[in-house]
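# Residue-level structure breakdown
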Amino acid sequence: MVRRSRAFYWMALPGVVLFFAFHTVPALQGVFYSFTNSRGYGDWSLVGWDNYVALFSDQQVLSSYRFTIGFALVSTILVNVVSLAVAVGLTANIRFRGFLRGVFFLPAVMATLVVGYIFNFLFSSALPQVGQALGIEALSTNILGNPSLAWVGVVVVTVWQSSATTIVIYMAGLQTVPEDVVEAALLDGAGPWQRFWRVTFPLLAPFFTINMVLSLKNFLMVFDQIVALTGGGPGTSTMSISFLIYRNGFTGGQFAYQSANAVIYFLVIALLSIVQLRALRNREVSA
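Residues numbered from 1 in each chain as written. Predicted model: local features only at pLDDT ≥ 70, side-chain atom pairs only at ≥ 80, totals over all residues. Heavy atoms only, no water.

### Topic: the overall build of the protein
In terms of regular secondary structure, the protein is built from 12 helices and zero strands. Order of helices (α) and strands (β) in the protein, N terminus to C terminus: α-α-α-α-α-α-α-α-α-α-α-α. Projected onto the principal axes, the alpha-carbon positions of the protein cover approximately 75 × 75 × 35 Å. Expressed as a percentage of its 287 residues, the buried residues of the protein come to 35%. Accessible surface computed for the protein: about 16900 Å², of which carbon and sulfur atoms make up 68%. Taken as two groups, the 15 positive and 10 negative side-chain charges of the protein have centres that lie 9 Å from each other. (Helix = DSSP H or I, 4+ residues; strand = E, 2+ residues; numbered from the N terminus. Buried < 20%, exposed > 50% of the residue type's maximum accessible area, 1.4 Å probe, protein only. Areas by Shrake-Rupley, 256 points an atom, 1.4 Å probe, with all protein chains shown as cover. Lys, Arg positive; Asp, Glu negative; His and termini not counted. Charge placed at Lys NZ, Arg CZ, Asp CG, Glu CD.)

What follows is the structure, given as structure tokens:
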């Protein structure tokens with residue numbers, strides 16, 4: 001038993017070393033540089049908490065936080081509503097159910113940048129032409145070029161692609177719902193909505209918690225969709241936190257400043273995830 005245990009440790013050691021070297025060490029370096037005035041190259045000196053203090057008065061940073069948090073909340077709600085509805089439909093006795101499951105999972109295996117560029121073409125060329133041909137003014141212009149509507153396009157693409165994995169999780173949860181419980185509710189005269197809301201949904205609470213936490217965390221870190229669709233524009237209307245850190249940190253000479261922003265960003269994501277997880281766990285218990 002001793003030899004076997006040691007073998008397990010030796011097998012895990014390369015992964016631990018790689019994780020520490022390529023994840024933990026760079027993260028700790030980023031925290032250190034957040035207390036400096038480094039531009040990512042050349043000389044630097046310690047500045048203490050100056051970068052952190054400046055973040056809370058930087059309107060561009062605050063605007064990116066407002067956009068990212070609002071975007072994450074809207075996308076989290078939409079992707080879970082849409083995915084749950086589709087999962088319920090796919091578990092019903094419908095024709096071509098297996099084929100439809102494959103179709104709905106297709107977005108998960110497509111590269112995010114490829115998806116973004118495809119939808120960029122649709123929003124900028126295909127849909128405006130359709131809107132002009134049908135006389136629909138709302139579709140006659142590229143919404144990605146409208147500062148007030150560009151976020152809608154990003155939400156549509158993100159929800160469409162993210163729903164694939166969420167649907168699979170909900171479908172797995174629906175298969176754990178006992179049929180006799182649903183049949184008992186049916187015999188008691190419960191309608192379709194009552195059976196879902198009073199019986200099925202409470203039994204899906206653990207899967208709902210997983211999807212909500214993962215969705216919010218992933219949407220708070222939105223990056224690829226912004227790169228492929230808007231580049232943070234028009235202006236800074238769709239500037240996410242991660243894209244701001246990347247752009248200004250690597251090309252704007254704000255390496256140390258954006259390192260401090262990244263530390264705050266990490267703390268915000270961790271805090272929101274913990275609060276959300278605890279709230280949903282308490283809901284599971286009460287349900």
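### Looking at helix H9 (residues 205-220)
Each α-helix turn comprises 3.6 residues. Residues three or four places apart therefore point the same way. Counted at 1.5 Å a residue, the expected span for H9 with its 16 residues is 22 Å, and the 22 Å between its end C-alpha atoms agrees. Along H9, the residues that are buried comprise Ala205, Phe207, Phe208, Thr209, Asn211, Met212, Val213, Ser215, Leu216, Phe219 and Leu220. (Expected span 1.5 Å × (residues − 1).)

### Some words on the layout of surface pockets
As a volume, the largest pocket reaches approximately 800 Å³. As for the largest pocket, its lining consists of 25 residues, and the residues nearest its centre are Pro26, Ala27, Gly30, Ala262 and Val263. Mapped by element, the contributors of at least two residues to the lining of the largest pocket are helix H1 (2-33), helix H11 (241-250) and helix H12 (255-286). The greatest single-element share of the lining of the largest pocket, amounting to nine residues, is contributed by H1. For the lining of the largest pocket, the class distribution of residues is 16 nonpolar, eight polar and one charged. (1 Å grid on protein atoms, 1.4 Å probe; cavity = no way out; pocket = protein on both sides within 12 Å on 5 of 7 lines; lining within 4 Å. Points joined across faces, edges and corners; volume = space filled by probe spheres on them. Nonpolar A, V, L, I, M, F, W, Y, C, P; charged D, E, K, R; others polar.)

### As for the environment of Ala256
Along the chain, Ala256 turns up in helix H12. Residue classification places Ala256 among the buried positions, given a relative accessible area of 1%. Taking the C-alpha atoms as reference points, Ala256 and Val168, 88 residues apart in sequence, are found 41 Å from one another. Ignoring anything within four residues of it in the chain, the contact list for Ala256 reads Tyr33, Ser34, Thr36, Asn37, Ser38 and Asn51. (Contact = heavy atoms within 4.5 Å.)

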